[in-house]
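Now for the letters of each chain:
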Amino acid sequence: MYIDVHCHLTGEEFETLGGVEAVIRRAEEAGGSRMICSGFDLDSSIKAAELAERFESVYFCAGFHPSELKKYKKGDLEEIERLCKSEKCVAVGEIGLDYHYDDNPPKEMQRELFVEQLRLASRLELPVVIHSRDAAQETAEILEENAGLLNKGGLMHCYSYSPEMAERFWKLGLSFSFGGTSTFKNAKKVQESVRRIPAPLILSETDCPYLTPEPFRGTFPNEPSHVKEVVKKLAELKGKTVEEMQTQIRENAARLFPKLYERR
Ligand code: NI
C-alpha cells in the first residue's frame, strides 16, 4: 500500500492523462490507498474538499500557501475553517514561508498568516502541513516561538533543508515528507537528511503535478501513482525493504493524520 501525503489534484494538468478520475484510479491500481490533496488558496481548498467527497481514497487539507497570499481576502480564513471541519480534512495546509522569488508576498504578511493558520490548526485540533522554501531559519524560529500551537504535530512537506535543520524541526514534534527530489542523482543534501531523520518521522509524497521522480523525471504532469518510486528510494536510503518502508509509512501516517483511518 502506498500513501501520497501531499499532492495537488485540483488543476487542469491531468487532462492530458485522461482527467483526474483516471489519475486517481491509476494510483489506486498501483497500490495507492490514500492521497492527501493539498489546498493552497481558498479556491483549491474548496476543490480539494469536493474531490475528497467524490473519491474514497482522497483526503485533503485546506489552507493558504505563502506564495498565494496576493489572493487573500478578509473572511477567507473563516471559509478555510469551515472546510477544515469536514470529516475528510486531515490538516491545515499548506501554510508556511516562501522567500524564493523577489515578487513573493511581503515577508511580514507571510509570517502573519502563517501564525494565524497555526492558531487555527491548534484550535481545531488538527496537524499542520508546512511549506518552507529559502526560509529555513525563520520557519524554525516561528515554529519554536509558537511551539504551543503544534499540539497535533505537523509535517515539513517536500523537506529540502539540511539534517541539522531537521533536528530542530523534529524536536518540535514535526514529521517530514519527501517526494521526487529525493530520487534525483544530485540531491545529496536531501538524501543525507533522509538517512539522518528517524524512520518513524518519514512520509512519502509526490507534490504532483510537479517534481516527477526518477525514472520519469522530465515528464509532466507528475501523478500520485509515481509515489512508489519515492518509496523505493526512501527504502534504499533507510536500508529497508520496500515492504518494510510501506509499513513504516503507514504507521507514521496513521499517527500524524488519524482522520485518514477513522472511516471505513
Ligand atoms: Ni504543495
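Everything that follows concerns the structure shown earlier in this document.
Criteria and cut-off values
Residues numbered from 1 in each chain as written. Predicted model: local features only at pLDDT ≥ 70, side-chain atom pairs only at ≥ 80, totals over all residues. Heavy atoms only, no water. Buried < 20%, exposed > 50% of the residue type's maximum accessible area, 1.4 Å probe, protein only. Helix = DSSP H or I, 4+ residues; strand = E, 2+ residues; numbered from the N terminus. Pairing = 2+ DSSP bridges. Axes fitted to C-alpha atoms, helices over the stretch in contact; angles between N-to-C directions. Parallel < 35°, antiparallel > 145°, perpendicular 65-115°, else oblique. Left-handed = near helix turned anticlockwise from the far one by under 90°. Contact = heavy atoms within 4.5 Å. Nonpolar A, V, L, I, M, F, W, Y, C, P; charged D, E, K, R; others polar. Donors = N, O, S within 2.8 Å, 3.2 Å for Na, K, Ca; no water. Tetrahedral: all angles 85-135°; square planar, octahedral: opposite > 155°, others 65-115°. Polar contact = N/O pair within 3.5 Å; in protein donor to acceptor, adjacent residues only side chain to side chain. Salt bridge = Lys/Arg side-chain N within 4 Å of Asp/Glu carboxyl O. Arc of directions from axis to C-beta.

Visitor: Please explain the pairing of strand E3 (residues 58-62) as it appears in this structure.
Guide: Remember that side chains alternate between the two faces of the sheet whenever the strand is regular. For E3, the tally of buried residues reaches 5 of 5 residues, placing the bulk of the element in the interior. Pairing of strand E2 (residues 32-38) with E3, which is carried by 4 bridges, proceeds in the parallel orientation. From the neighbouring strand, Cys-37 faces E3, where its bridge partner is Phe-60. Bridge analysis of E3 against strand E4 (residues 89-98) gives 3 bridges, and the strand direction is parallel. From the neighbouring strand, Cys-61 faces E4, where its bridge partner is Ala-91.

Visitor: It is not clear to me how the packing of helix H2 (residues 42-54) against helix H3 (residues 76-84) should be interpreted in this structure. Could you clarify?
Guide: In helix packing, the relevant descriptors are the interaxial angle and the interaxial distance, both defined with respect to the helix axes. Where H2 meets H3, the axes come as close as 10 Å, and the angle between the chain directions of the two elements is 15°. In terms of axis orientation, H2 runs roughly parallel to H3. Every pair of crossing elements has a handedness; the one defined by H2 and H3 is left-handed. From H2, Leu-42, Ser-45, Ile-46 and Ala-49 reach across to H3, where they touch Asp-76, Glu-79, Ile-80 and Leu-83. Across the contact of H2 with H3, the residue classes tally to 5 nonpolar, 1 polar and 2 charged.

Visitor: It is not clear to me how the coordination of the nickel ion should be interpreted in this structure. Could you clarify?
Guide: Tetrahedral metal sites with four donors have an ideal angle of 109.5 degrees; octahedral sites with six donors have ideal angles of 90 or 180 degrees. Every protein donor of the nickel ion is listed here as His-6 (NE2), His-8 (NE2), Glu-94 (OE) and Asp-207 (OD), and their distances to the metal cover 2.2 to 2.6 Å. Metal-centred angles of 82 to 169° between the 4 donor atoms at the nickel ion mark the site as irregular. Every donor residue of the nickel ion comes from the same chain, spaced as H-x1-H-x85-E-x112-D. With His-8 in the loop between strand E1 (2-7) and helix H1 (20-29) and Glu-94 in strand E4, this residue pair connects regions lying 86 residues apart in the sequence. In this structure Glu-94 comes out as buried when scored by relative accessible area, which is 2%.

Visitor: What is the right way to read the side chain of His-6 from this model?
Guide: Inspection of the secondary structure puts His-6 in strand E1. Given a relative accessible area of 0%, His-6 falls into the buried group. Polar contacts involving the side chain of His-6 include one to the side chain of His-8, which spans 3.2 Å. Within the structure, His-6 has its side chain in polar contact with the side chain of Glu-94 (distance 3.1 Å). Apart from the residues within four sequence positions on either side, His-6 is in contact with Ile-36, Ser-38, Glu-94, Val-129, His-157, Glu-205, Thr-206, Asp-207 and Cys-208.

Visitor: Before we go on, may I ask you to explain the pattern of salt bridges in this structure?
Guide: Where side chains of opposite charge bring their charged atoms close, a pairing between them can arise. Counted by the stated rule, this structure contains 21 salt bridges. Between Glu-108 and Arg-111 there is a salt bridge; the shortest N-O distance is 3.1 Å. One end of the pair is Glu-108 and the other is Arg-111, both in helix H4 (residues 107-124) and 3 residues apart, which spans about a single turn. Arg-111 sits in the partly exposed class, given a relative accessible area of 24%. Note that Glu-144 and Arg-168 form a salt bridge whose closest N and O atoms lie 2.9 Å from each other. In this pair, Glu-144 is assigned in helix H5 (residues 136-145) and Arg-168 in helix H6 (residues 163-171), connecting sequence segments 24 residues apart. Given the relative accessible area of 35%, Glu-144 is considered partly exposed. Relative accessible area serves as the criterion here: at 24%, Arg-168 is assigned to the partly exposed category. Salt bridges linked by common partners bring Glu-21, Arg-25, Glu-28 and Arg-54 together as one network.

Visitor: So what exactly am I meant to see when it comes to H1 here?
Guide: Think of an α-helix as turning once every 3.6 residues; residues three or four places apart then point the same way. Buried residues of H1: Val-20, Val-23, Ile-24 and Ala-27, and no others. Across the axial projection of H1, the buried residues extend over an arc of 95°, all falling on one side. Buried residues in H1 make contact with E2, H2 and E3.

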